[in-house]
Amino acid sequence: MIENRLKRWIDAKPTIWAVVGLGTLFRGVQYFNNRSLWVDEAKLSINIVEKGFIELLQPLDYGQSAAPGFLLLQKLSTSIVGNDEFGLRLIPLLSQLLSFYLLYSVGQQLISKRAVSLTLAFFAASYSILYFATEAKQYSTDILVALFVIKLICWLRGAILRPRTLALASVAGSLLIWFSFPATFVLAGVGTVLLIMTWLQRQPQRAALMLIPSVCWALSFLGLVYVVLNNTSNMGDLQASWGGRGSFMPFPPTSLTDLGWFVDTFFQSLKDPFYLPYFISPAARLGSFFLIAGLFLGGVSLLIRRPASFFLLISPIVVTLLASGLEKYPFKGRLILFLTPFFIFLFAEGIIVLSQLLLKGRFQNSLLVIFSGFILFQPYLTAAKGLVRPVYRHEMRPLMAYLQTHYQPDEHLYLYERSAEQFVFYSNQFGFSEGDYTMGREDREISTEINYQPDLDAVAQFGKVWFVFSNMHIPSEVKAVEAYLDTIGQQLDSHQEPGAIAMLYQFPEPYPPED
């Protein structure tokens, strides 16, 4: 009786709607909480707000790069909603809400029906996915476009290849890669798999017809390279920035250290989507076993039962790894967030298989609920806490509101270099102009007051100076700066917000003091 009820409950439409509803609630609360833009968001957002539609197709300022389609959507959103956080984060939010539908639709075609509900449940509360739903960057759109690509391939796989079908597939695929750079890897992977499967099924005429959209996609990619990527010097900055973080696959691997990269990258890739930090404690290491076993069993199960699904899900990961090995694209962190749905599909399928292997027959549904609850408990607990205590990073906006009411005309501002773009983005809103502040020098290695001393001595000549800090790379930096400032001046005021602080100092005039 209970087993039958559980089976109906797992597969029921109301369960799916409840999961999607919770995922929407988590994202909606975070969106309307309206946290301040942090530095990476601010860098891209300044471009979107200050440039016109055509200018966004040219190289961006502040070392930024993003697919032109995404940039144009962002510009359209801010033109309609406003040049604020709501306008800048609307497209990422809508991208994730649309992703729920595509996850369901694609899952129905690639994995078992029972695994689809589990896939949606993981996606709804995945920490990293949930966070980036309200980040004014392209990562949520990357997920949506990746799912659109695989949906396109699934449709093409079962369609009758009439001229209209080929034309639609050609146009759709060609456009999608202009909305997401990583979509190229997904399209290359799943498109190649589709061609090979068709050829192996001894359908040479169908395979030949599929070359038509494939050639169109390749030409569109070459156009993207010519128009955008070759003219975007910031792509080199991306490679340089991520190169020192172990972000590129050793190719070919020639040592044990190189082989260790694959192990480390495997766990790092799963850290946020499945909340691996939760499984570090000895009492909960069983969760790590479920995770790894689920991925392995999901892959093996699909390879045996649905080989086409297996290769369609694995191919984007393989192609992205190859691009990483050629040092064309980092395989790390938020840059591979678009691959998360493929991991989740495999894992959800694996949990179904694991419950079937451990208990054949009677209590499979009970065991499935236990497994799922164990894995999902921490992500959903964290997401639920976010409803009461929303996520904050570097709250520059309320800090600048305080400065607006306390800043005097005879005072000056010094901006810590990693907070400069945040301040610049909000400067018009709070009435600050370029002459009001001095930007700190860019030095990623700064760690003591000795490095800061030339900067601090130079601005001390203004007499009264507000020192504004956020996005501190090294936590001790503010204390180091404050300690030095206390030796050369007197602190008159300070104000702190989550991840941001402003301190007002008065210095003797003239500075440095005369002997």
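The preceding data block contains the structure.
Conventions and cut-offs
Residues numbered from 1 in each chain as written. Predicted model: local features only at pLDDT ≥ 70, side-chain atom pairs only at ≥ 80, totals over all residues. Heavy atoms only, no water. Core = buried A, V, L, I, M, F, W, Y, C linked by side-chain atoms within 4.5 Å. Buried < 20%, exposed > 50% of the residue type's maximum accessible area, 1.4 Å probe, protein only. Contact = heavy atoms within 4.5 Å. Pairing = 2+ DSSP bridges. Helix = DSSP H or I, 4+ residues; strand = E, 2+ residues; numbered from the N terminus. Phe/Tyr/Trp six-rings, centres within 6.5 Å; stacked < 30°, edge-to-face > 60°. Lys NZ or Arg CZ within 6 Å of the ring centre and 35° of its normal. Axes fitted to C-alpha atoms, helices over the stretch in contact; angles between N-to-C directions. Salt bridge = Lys/Arg side-chain N within 4 Å of Asp/Glu carboxyl O. Expected span 1.5 Å × (residues − 1). Bend = angle between axes of the 7 residues up to and from the residue. Parallel < 35°, antiparallel > 145°, perpendicular 65-115°, else oblique. Left-handed = near helix turned anticlockwise from the far one by under 90°. Nonpolar A, V, L, I, M, F, W, Y, C, P; charged D, E, K, R; others polar.

Asker: Before we go on, may I ask you to explain the nonpolar core in this structure?
Answerer: For soluble globular proteins, nonpolar side chains are generally found buried alongside one another. Judged by nonpolar contacts, the single largest core of 92 residues is most densely connected at Ile150 and Leu313. Not counting the four nearest positions on each side in its chain, Leu313 is found in contact with Leu110, Ile111, Ile150, Leu302, Phe342, Phe345 and Leu346. Listed in part, the 33 residues of the second largest apolar core include Ala42, Met400, Phe430 and Ala500.

Asker: Honestly, the pairing of strand β4 (residues 490-497) in this entry has me stumped. Any pointers?
Answerer: Consecutive side chains of a regular strand alternate in pointing toward one face of the sheet and then the other. As defined by bridge partners, β4 adjoins strand β5 (residues 500-506) across 7 bridges and the pair is classed as antiparallel. In the strand pairing of β5, Glu497 is matched with Ala500. In this antiparallel pair of consecutive strands, β4 and β5, the connection spans 2 residues, and Gly499 shows a positive phi of 75°.

Asker: Help me understand the packing of aromatic side chains in this model?
Answerer: What characterises a pair of aromatic rings is the spacing of the ring centres plus the angle enclosed by the ring planes. All chains considered together, the criterion is met by 22 aromatic pairs. With a centroid separation of 6.5 Å and an interplanar angle of 75°, the aromatic rings of Tyr329 and Phe338 are classed as edge-to-face. Neither residue differs from the other here; Tyr329 and Phe338 are each classed as buried. By way of ring pairs, the aromatic residues Tyr407, Phe423, Phe432 and Tyr437 are connected into one cluster. The ring of Trp38 carries the charged tip of Arg393 above its face, separated from the ring centre by 3.7 Å.

Asker: What is the right way to read the sheet that holds β4 from this model?
Answerer: What links the strands of a sheet is backbone hydrogen bonding, and the strands pair in either a parallel or an antiparallel sense. Sheet architecture is open: 5 strands sit in the order β2-β1-β3-β5-β4, paired in mixed fashion. Lying at the two open borders of the sheet, with one neighbouring strand each, are β2 (437-439) and β4. On average, each strand axis in the sheet is tilted by 20° relative to the strand beside it, whichever way the strands run. Of the pairings in the sheet, the one linking strand β1 (residues 411-415) to β2 comprises 3 bridges and is parallel in character. Bridge pairing links Leu413 to Tyr437 in β2. Relative to strand β3 (residues 464-470), helix α18 (residues 396-406) is tilted by about 170°, and along the sheet it contacts β1, β3, β4 and β5. Lying over the sheet, helix α21 (residues 476-488) contacts β3, β4 and β5, oriented at roughly 10° with respect to β5.

Asker: Hey, could you run me through the pattern of salt bridges in this one?
Answerer: Oppositely charged side chains can pair when the atoms bearing their charge come close. Scanning the model with the defined rule gives 6 salt bridges in all. In this structure, the salt-bridge partner of Arg35 is Glu135, at a minimum N-O distance of 3.9 Å. One end of the pair, Arg35, is in the loop between α2 (13-33) and α3 (39-50); the other, Glu135, is in the loop between α7 (127-132) and α8 (139-158), and 100 residues separate them in sequence. On the basis of relative accessibility, which here comes to 1%, the residue Glu135 falls in the buried class. The shortest N-O distance in the salt bridge between Glu41 and Arg89 comes to 3.1 Å. One end of the pair, Glu41, is in helix α3; the other, Arg89, is in helix α5 (residues 85-110), and 48 residues separate them in sequence. By relative accessible area, which is 2% here, Arg89 ends up buried.

Asker: What is the right way to look at α5 in this model?
Answerer: Within an α-helix, residues lying three or four positions from one another point in the same direction, as the helix has 3.6 residues per turn. When the terminal C-alpha atoms of α5 are compared, their 37 Å separation across 26 residues agrees well with the 38 Å that a helix rising 1.5 Å per residue should span. A bend of about 30° at Ile91 is the largest found in α5, and the proline Pro92 appears one to four places after it.

Asker: Quick question: what am I supposed to make of the packing of α3 against helix α19 (residues 420-427) here?
Answerer: Any two packed helices are characterised by how steeply their axes cross, that is the angle between the axes, and by the distance between the axes. Where α3 meets α19, the axes come as close as 8 Å, and the angle between the chain directions of the two elements is 40°. Here α19 runs oblique to α3, going by the angle between their axes. Crossing hand, α3 versus α19: left-handed. Contact residues: α3 offers Val39, Ala42, Lys43, Ser45, Ile46 and Val49, while α19 offers Glu421, Gln422, Val424 and Phe425. Looking at the contact of α3 with α19, its residues break down into 6 nonpolar, 2 polar and 2 charged.

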